[in-house]
Amino acid sequence: MAFREEGCYESFPGCLIKMCRLSVFLCSALVLLVLEVGPVRCDITDGNAEHLKREHSLMKPYQGVGSSPSSQWDFWGSTLVTGSYVRLTPDERSKQGSIWNTVPCYLKDWEMHVQFKVHGSGKKNLHGDGIAIWYTKDRLHPGPVFGNQDQFVGLSIFVDTFRNDLHGMDRSFPYISAMVNNGSVSYDHGKDGRSSELGGCSAEIRNRDHDTYLAVRYSKGRLTIMVDVDDKNEWKECIDIGGVRLPTGYFFGASAATGDLSDNHDIISMKLYQLMVEHTPEEENLDWTKIEPSVSLLKSPKDNIDDPTGNFRGTPLTGWKVFLLLLCALLGIVVCAVVGAVVFQKRQERNKRFY
Ligand SMILES: [Ca+2]
């Protein structure tokens, strides 16, 4: 229809030129679409469409929390379990506490939603130290990293409320960051973990009247951290990186610590959702418990501090996108070659008429 209205019957070369233009336009639109859809969409689950896994979730009134053999969550240190929250530390100096899922997680793709509350009497900058959310090989190993062991094996998300590094004034606190460790790297408290972080963001999470949430999604090698702390009931992207490898069979946990400064560090809930994601037969046949935690970065974590967003992305174009781009290029070349040939032929004929 469009060709008819635009006078495609006027002459054959004119028609072909229009077709060529149209094909270029369509290909450009397709390329734009591919590039637009390509990077991450913030489609973190709302918790309804996916599957809640109760054996990995911690919810009110916290039944099954304790030291009995059948309990699914175990706790340590200053942790206090009430009917409406799990307090990892009270607002007192030098406290450490943690809570750990006793059931290893064998899901390949998952999303953890953490509702938490950090509050205390300390004025601005006079409170600390923060909460860490863990997915690690070991559980219940107390230590200096927000109440958990250093040189851990697995993933940690730090909600750091106290600025230790007075040189790092380019970011405001509280600061949320992620770290993947194979057991070889120490967390540097003095630098607030900057040298080993994969990315991060600032978030006003302390002494809020409303609920504050954190979501950690791990799917197909992609780690995404989202926050919902402004009482708008919407997720905001904090970290999103590809090339992250984590095994199955690790444990979820949360820990917190206070030092000279303190806060109440409360976990209200931790809800784990299974994500329904298809894997290739090769991926399915892998022994996922044997994977060593790692991140294949395009640049080292240290370089990441130059990125004002704190994020960087490293996912290459997937097969079908490359195919579409090549198809477009080929189509464009063929159409333009045909047009060129026809125009050349017409000119030859016209030249013959003149001479
Ligand atoms: Ca700190």
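The preceding data block contains the structure.
Reading the values: the criteria
- Residues numbered from 1 in each chain as written.
- Predicted model: local features only at pLDDT ≥ 70, side-chain atom pairs only at ≥ 80, totals over all residues.
- Heavy atoms only, no water.
- Helix = DSSP H or I, 4+ residues; strand = E, 2+ residues; numbered from the N terminus.
- Buried < 20%, exposed > 50% of the residue type's maximum accessible area, 1.4 Å probe, protein only.
- Contact = heavy atoms within 4.5 Å.
- Areas by Shrake-Rupley, 256 points an atom, 1.4 Å probe, with all protein chains shown as cover.
- Donors = N, O, S within 2.8 Å, 3.2 Å for Na, K, Ca; no water.
- Core = buried A, V, L, I, M, F, W, Y, C linked by side-chain atoms within 4.5 Å.
- Salt bridge = Lys/Arg side-chain N within 4 Å of Asp/Glu carboxyl O.
- Polar contact = N/O pair within 3.5 Å; in protein donor to acceptor, adjacent residues only side chain to side chain.
- Patch = residues over 30% accessible without salt bridge, like charges linked within 9 Å, V, L, I, M, F, W, Y side chains within 5 Å.
- Pairing = 2+ DSSP bridges.

A. Representation of the overall build of the protein in the model. When its secondary structure is counted, the protein shows four helices and 17 strands. For the protein, buried positions account for 46% of its 355 residues. Counted over contacts in the protein with a minimum sequence separation of 6, partners at least 24 positions apart contribute 71%. Counting only carbon and sulfur atoms, one obtains 55% of the accessible surface of the protein, whose full area is about 18,600 Å².

B. Structural detail: the coordination of the calcium ion. Taken together, the protein donors to the calcium ion comprise Asp-160 (OD), Asp-160 (OD), Phe-162 (O), Asn-164 (OD1) and Asp-192 (OD), at separations of 2.3 to 2.5 Å. Written as a sequence motif, the donor arrangement for the calcium ion is D-x1-F-x1-N-x27-D. Residue Asp-160 is found in strand β8 (residues 153–160), and its partner Asp-192 is found in the loop between β9 (175–182) and β10 (199–202); the two are separated by 32 residues along the sequence. Accessibility classification places Asp-160 together with Asp-192 in one group, the buried group.

C. Examining the nonpolar core more closely. The biggest cluster of nonpolar side chains holds 48 residues, and the ones touching the most others in it are Trp-110, Leu-214 and Ile-267. With five residues, the top contributor of residues to this core is strand β6 (residues 110–119). Counting 10 residues, the second-largest nonpolar core is a separate cluster that includes Trp-100, Trp-134, Val-145 and Met-179.

D. Looking closely at the pattern of salt bridges. Per the stated rule, a full pass over the model turns up 13 salt bridges. Between Arg-93 and Asp-260 there is a salt bridge; the shortest N-O distance is 3.5 Å. Residue Arg-93 is found in the loop between β4 (86–89) and β5 (96–101), and its partner Asp-260 is found in the loop between β15 (251–257) and β16 (264–274); the two are separated by 167 residues along the sequence. Taking the relative accessible area as the measure of exposure, Asp-260 reaches 60% and is therefore exposed. Of the charged contacts in the structure, one is a salt bridge between Arg-194 and Asp-170, with a shortest N-O distance of 2.8 Å. Note that Arg-194 is positioned in the loop between β9 and β10 and Asp-170 in the loop between β8 and β9, a separation of 24 residues in sequence.

E. Region of the structure containing unusual backbone geometry. With an omega of -5°, the peptide bond running from Lys-60 to Pro-61 counts as cis. Within the secondary structure, Pro-61 is located in the loop between β1 (51–52) and β2 (73–77). That bond from Phe-173 to Pro-174 is cis: its omega, 0°, falls within 30 degrees of zero. Its place among the elements puts Pro-174 in the loop between β8 and β9. One non-glycine residue, Gln-151, lies in positive phi territory at about 50°. Along the chain, Gln-151 falls in the loop between β7 (130–136) and β8.

F. Region of interest: the side chain of Glu-197. Within the secondary structure, Glu-197 sits in the loop between β9 and β10. At 3.3 Å, the side chain of Glu-197 and the side chain of Tyr-175 are in polar contact.

G. Looking closely at a nonpolar patch on the surface. Together, Leu-330, Val-334 and Val-338 make up an exposed nonpolar region whose accessible area comes to about 260 Å². You can see Leu-330 is positioned in helix α4 (residues 319–354). A relative accessible area of 53% places Leu-330 in the exposed class.

H. Geometry of the pairing of β7. Counting buried residues along β7, seven of its seven residues qualify, which places the element largely inside the surrounding structure. Neither face of β7 is left uncovered, since the one carrying Gly-130, Ala-132, Trp-134 and Thr-136 and the one carrying Ile-131, Ile-133 and Tyr-135 both have all their residues buried. In this structure, β7 lies alongside β8, joined through seven bridges in antiparallel fashion. Residue pairing across strands places Tyr-135 opposite Leu-155, the latter belonging to β8. Where β7 lies against β15, seven bridges are found, and the strand directions are antiparallel. Following the sheet pairing, Trp-134 is matched in β15 by Gly-253.

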